[in-house]
Amino acid sequence: MKTIIIDYGSGNLRSAHRAFERAAKDNKINSQILISDKPADIAAADHIVLPGVGAFKDCYDGLSARKGVMDALHEAVQVQKKPFLGICVGMQLMATEGIEYKGSQGLDWIKGQVRAITPNAEQDLGLKVPHMGWNLLAENIRGRSHKILDGIEMGLHAYFVHSYQFHTDDENETILTTQYGEKITAMVAKDNMVGTQFHPEKSQKLGLDFIANFLNWKP
Amino acid sequence: MSQFMQATQQNNNLKARIIPCLDVRDGRVVKGVNFVGLKDAGDPVECAKIYDAAGADELCFLDITASVEGRGTLLNMVSQTAEQCFMPLTVGGGVRAVEDVRALLLAGADKVGINTSAVKRPELVGECAEKFGNQCIVVAIDAKRVSKDGEVLRWEIFTHGGRTETGIDAVEFAIKVADLGAGEILLTSMDRDGTKSGFNLPLTRAIADAVSIPVIASGGVGNLDHLVEGITEGHASAVLAASIFHFGDYTVEQAKKYMASKGISMRLDGYEN
């Protein structure tokens, strides 16, 4: 198997790469992990990962600027329905649009909007932005889970660092949340696509288990 | 615990962080008293592995002599250390330009600390934040008290590992770099570093309350109550310590459980109760 981590000039790519290699090795998953921005590599991959740090618009523009990458992504994820994982801004890019200081369209794969978090809106809790650190994962809707969470117990923490969050139009597409003054979307999913606001590559055992499940996932 | 902290904890599941810090010189972890008189504390790669397994919330790698000796950070050593980290890794030391940040991220850092260069040229903070996102730019502030006894408390910035005085007010500088796009502040008290007498709590609180970004308290931890105070009295989001962990005075697990017993929300995943 081949897994591609898409390089669009942003992000802690090495971190993601190392974590995928470790998760594959520890779980005896035979997958070659590749960092690339070549459309041919996207076409040849079995699993597609879009990492991301930074601003929504910069990331979208970075993807758009790479010749053939958008088309290759659409073909692989929307037409061929290959398993796709977006991490942090890579997850947010699946939204219809992002509302930052400069608005930007997104991939529009999962309907919804990316907006600034407002942890002190209801009452001033003195909560800092970015939302940075380990926060508790919770199921969004009781009893509803996702195959990719098999074997991962609830009540564990994942590592977050972000100032914006993805509000899905359809609440069923928000799988996990976390609490930071307000409810924050922690994981989204639809068909062959999953996305995490948290960083599995930085979430120690929970994260490596999650990545292994993604590599074994057959949507 | 204050009512404010109780209200915060009811609506917030974010945990306080414990960050062991590797002060690295010539490829070895060292820890000095007030940044001089260094004592060897081992191999950074081994330390990273141990702290990852111990459930540390993050790891900090500071190349403490980079600015002094005018050379770049040891990228190879960073890369080997990063191999062992499945938690966030902050690397600092000798970062002067946007390219230095990129190189560290490619070596495996998740966040990059900027210290001396941010004081010399604060715009660098904005340039790096714009390129890589606020969340990966940590401004490291080394501050020392300059007010005399009886005067209103005042602290100033020192650079080059605490060797050079700048005359810049520490609280004003913190506000400025937060505005420029820093995602976090790593605040070290030069008066306390290596003394094991506890964080400089008035300094930590003055800066934590002045900015809307997270502050990591650093410098002076000698026991577990000091870690507790950093959060409850200093209002820090995270506490950093070196010697008490490097020399085995306490384990990360002991520290987390002790803090939790004092009412601070901690991540205790993976530990048996």
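Residues numbered from 1 in each chain as written. Chains lettered and ligands numbered in written order. Predicted model: local features only at pLDDT ≥ 70, side-chain atom pairs only at ≥ 80, totals over all residues. Heavy atoms only, no water.

## A short note on empty space enclosed by the protein
Logical step 1: The final tally for this structure, using the stated rule, is three cavities of 30 Å³ or more.
Logical step 2: Empty space within the largest cavity amounts to approximately 90 Å³.
Logical step 3: Taken together, Asn12, Val53, Tyr159, Val161, His199 and Lys202 of chain A together with Pro88, Asp110, Lys111, Gln135 and Cys136 of chain B make up the full set of residues lining the largest cavity.
Logical step 4: Grouping the amino acids of the lining of the largest cavity by side-chain chemistry returns five nonpolar, three polar and three charged. (1 Å grid on protein atoms, 1.4 Å probe; cavity = no way out; pocket = protein on both sides within 12 Å on 5 of 7 lines; lining within 4 Å. Points joined across faces, edges and corners; volume = space filled by probe spheres on them. Nonpolar A, V, L, I, M, F, W, Y, C, P; charged D, E, K, R; others polar.)

## Some words on unusual backbone geometry
Logical step 1: Of note, the bond from Val129 of chain A into Pro130 of chain A is cis; its omega dihedral lies within 30 degrees of zero at 5°.
Logical step 2: Looking at the element boundaries, Pro130 of chain A is found in the loop between β7 (112–116) and β8 (131–136).
Logical step 3: Phi is positive for Gln204 of chain A, close to 45°, though the residue is something other than glycine.
Logical step 4: Unusually for a residue other than glycine, Lys196 of chain B sits at a positive phi of about 60°.
Logical step 5: Mapped onto the secondary structure, Lys196 of chain B falls in the loop between β10 (184–189) and α9 (201–210).
Logical step 6: Take Lys196 of chain B: its relative accessible area is 37%, and that puts it in the partly exposed class. (Helix = DSSP H or I, 4+ residues; strand = E, 2+ residues; numbered from the N terminus. Buried < 20%, exposed > 50% of the residue type's maximum accessible area, 1.4 Å probe, protein only.)

## Points about the packing of aromatic side chains
Logical step 1: Here the structure, examined in full by the defined rule, presents five aromatic pairs over all chains.
Logical step 2: On the numbers, 5.1 Å between centres and 80° between planes, the contact of Phe84 of chain A with Trp109 of chain A is edge-to-face. Highlighted residues: Phe84 of chain A in strand β4 (residues 84–87) and Trp109 of chain A in the loop between β6 (104–105) and β7, separated in sequence by 25 residues. You'll find Phe84 of chain A and Trp109 of chain A in the same group, each marked buried.
Logical step 3: Considering the side-chain rings of Phe160 of chain A and Phe198 of chain A, the 5.9 Å spacing of their centres and the 65° angle between planes classify their relative orientation as edge-to-face. Taken together, the residues span a long stretch of sequence, with Phe160 of chain A in strand β10 (residues 157–162) and Phe198 of chain A in the loop between β14 (193–196) and α6 (204–216) at a distance of 38 residues.
Logical step 4: Taking relative accessible area as the criterion, Phe160 of chain A reaches 0% and is therefore assigned buried.
Logical step 5: Residue classification places Phe198 of chain A among the buried positions, given a relative accessible area of 1%.
Logical step 6: Here a set of aromatic residues connected by ring pairs shows up, and it is made of Phe160, Phe198 and Phe210 of chain A.
Logical step 7: Lying over the aromatic face of Phe158 of chain B, Lys144 of chain B brings its terminal NZ or CZ to 4.5 Å of the ring centre.
Logical step 8: A cation over an aromatic ring shows up here: Arg267 of chain B above the ring of Trp134 of chain A, its NZ or CZ 3.4 Å from the ring centre. (Phe/Tyr/Trp six-rings, centres within 6.5 Å; stacked < 30°, edge-to-face > 60°. Lys NZ or Arg CZ within 6 Å of the ring centre and 35° of its normal.)

## Side note on the packing of helix α10 (residues 224–232) of chain B against helix α12 (residues 252–261) of chain B
The relative placement of two packed helices is expressed as an angle between their axes plus a distance between the axes.
All names here are of chain B.
Logical step 1: Following both chains from N to C, one finds α10 and α12 inclined at 55°, their axes separated by 9 Å at the closest point. Here α10 is positioned oblique relative to α12, judged by the angle of their axes. Seen from above, α10 lies across α12 with right-handed handedness. Together, Leu224, Asp225, Leu227, Val228 and Ile231 of α10 and Gln254, Ala255, Tyr258 and Met259 of α12 make up the contact between the two elements.
Logical step 2: Within the contact of α10 with α12, the residues separate by chemical class into seven nonpolar, one polar and one charged. (Axes fitted to C-alpha atoms, helices over the stretch in contact; angles between N-to-C directions. Parallel < 35°, antiparallel > 145°, perpendicular 65-115°, else oblique. Left-handed = near helix turned anticlockwise from the far one by under 90°. Contact = heavy atoms within 4.5 Å.)

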